[in-house]
Amino acid sequence: GPTRAHPGRAPGAGGRVRDGHTAGDDAAPRKLLATPSRSTFEQTEDRFFTWSPDDQWIAYATGSGRAHDRILRKNIVTSSAAETLVSGGTDLLANDWSRDGRFLLFADAGTSTSWDLWTLDLQAKDAKPVPYLQTPAGERDGAFSPDGRWIAYVSDESGGQEVYVRSFPPGR
């Protein structure tokens, strides 16, 4: 699994912390965090989560054992049932949510190309995952830039773990 869980993300900050200061003033997530409460109830292992930019949702990977074959979205304010966003992956990691809330970025341990990055347009009707980066190297731990025009990610393309930046959408 990944070695970090988005250290720059925090509820109540539009999902982001900048220069040690938070932006935004949504009290709901802060109240929720004042008393820790369980948010997921599937009979599976739930991990690798990311906050939505409006602090209302979490997207997370779920599955049994070490394989996380689905990504779910759950509203943490209303506590409504979780909704499946992606299913059928080999091993999925929810990485990041674009600041405008439109795209979810996630990684899948593909069967033929190692880790790959994918996006899901959450505003599209009948949204389907779209490959963002599929190479023989392993790409994961992606994050959108604040303006949504770039994605930074970790790749082992060079033989070691290095950070790369690429435009979003590709070819832009």
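Residues numbered from 1 in each chain as written. Predicted model: local features only at pLDDT ≥ 70, side-chain atom pairs only at ≥ 80, totals over all residues. Heavy atoms only, no water.

Here's the deal with the overall build of the protein
We count it as follows: Only runs of H or I of at least four residues qualify as helices and only runs of E of at least two qualify as strands under DSSP, and these elements are numbered from the N terminus. Working definition: with a 1.4 Å probe on protein chains only, accessible area under 20% of the residue-type maximum means buried, over 50% means exposed, and in between means partly exposed. Contacts are assigned to residue pairs that have any heavy atoms within 4.5 Å of one another. Areas reported here follow the Shrake-Rupley algorithm with a probe of radius 1.4 Å; residue values treat only the protein chains shown as occluding.
Within the protein, the regular secondary structure consists of 1 helix and 13 strands. Reading the secondary structure of the protein in the N-to-C direction produces β-β-α-β-β-β-β-β-β-β-β-β-β-β. Among the 172 residues that make up the protein, the fraction classed as buried is 43%. Counting only contacts in the protein whose residues sit at least 6 apart along the sequence, the fraction spanning at least 24 positions is 31%. Here the protein displays about 9300 Å² of accessible surface, and carbon together with sulfur accounts for 51% of that area.

What about the packing of aromatic side chains?
Aromatic rings considered in pairs are described by the distance between their centres and by the relative angle of their planes. The condition is simple: Any two of the Phe, Tyr and Trp rings considered here, Trp counted by its six-membered ring, make a pair once their centres fall within 6.5 Å; the pair's planes then place it as stacked at under 30 degrees, edge-to-face at over 60, or tilted in between. Should the NZ of a Lys or the CZ of an Arg lie within 6 Å of a ring centre and within 35 degrees of the ring normal, that charge is described as sitting over the ring.
The final tally for this structure, using the stated rule, is 5 aromatic pairs. Ring centres of Phe144 and Phe168 lie 5.3 Å apart, and the angle between their planes is 80°; on these two criteria the pair is classed as edge-to-face. One end of the pair, Phe144, is in strand S11 (residues 139–144); the other, Phe168, is in the segment after strand S13 (162–167), with 24 residues separating them in the sequence. Neither residue differs from the other here; Phe144 and Phe168 are each classed as buried. Stacked on the ring of Trp57, the Lys or Arg Arg73 has its end atom at 4.8 Å from the ring centre. The side chain of Arg166 reaches across the aromatic face of Tyr132, ending 5.1 Å from its centre.

Let's talk about the sheet that holds strand S10 (residues 130–133)
Selection criterion: Whether two strands pair depends on DSSP finding at least two bridges between them. Axis definition: a line fitted to C-alpha atoms, limited for helices to the stretch in contact. Angles are taken between N-to-C directions and run from 0 to 180 degrees.
Strands sit in the order S7-S8-S9-S10 across an open sheet of 4 strands; the sheet is antiparallel. The sheet is open, and its two edges are formed by strand S7 (92–97) and S10, each paired on a single side. Looking at each pair of strands side by side, their axes are set apart by 35° on average, direction ignored. Examined bridge by bridge, strand S9 (residues 114–121) and S10 share 3 bridges and lie antiparallel to one another. Its bridge partner lying in S10, Leu117 is registered against Leu133.

As for the pattern of salt bridges
Threshold: Any Lys or Arg side-chain nitrogen found within 4 Å of a carboxyl oxygen on Asp or Glu counts as a salt bridge.
Scanning the model with the defined rule gives 2 salt bridges in all. One salt bridge in this structure joins Glu83 and Arg73, with 2.7 Å as the shortest N-O distance. With Glu83 in strand S6 (residues 83–87) and Arg73 in strand S5 (residues 70–75), the pair connects residues that are 10 residues apart, well separated along the chain.

Focus: the confidence of the model for the protein
The condition that has to hold: Confidence of the predictor at the level of single residues is given by pLDDT, which spans 0 to 100.
Summary statistics for the protein give a mean pLDDT of 78 and a share of 72% for residues scoring 70 or more. No element of the protein has a lower mean pLDDT than strand S1 (residues 17–18), at 30, and none a higher one than strand S12 (residues 150–155), at 97. Confidence over residues 1–32 falls short of pLDDT 50; this stretch has 61 contacts with residues more than four positions distant or in other chains.

Some remarks on the sheet that holds S13
The strand order across the open sheet formed by 3 strands is S11-S12-S13, and the pairing between neighbours is antiparallel. Every other strand in the sheet has two partners, leaving S11 and S13 as the edge strands with one partner each. Each neighbouring strand pair of the sheet contributes to a mean axis angle of 25°, computed without reference to strand direction. By the bridge criterion, 6 bridges tie S12 to S13 in an arrangement that is antiparallel. Looking at the pairing, Ala152 lines up with Val165 of S13.

Some points on unusual backbone geometry
With an omega dihedral of -5°, the bond running from Phe168 to Pro169 counts as a cis peptide bond. Position of Pro169 among the secondary structure elements: in the segment after S13. A positive phi angle, close to 65°, is found at Ser114, a residue other than glycine. Within the secondary structure, Ser114 is located in strand S9. For Asp126, which is not a glycine, the phi torsion comes out positive at approximately 55°. Relative to the elements of secondary structure, Asp126 occurs in the loop between S9 and S10. What makes Asp126 exposed here is its relative accessible area of 62%.

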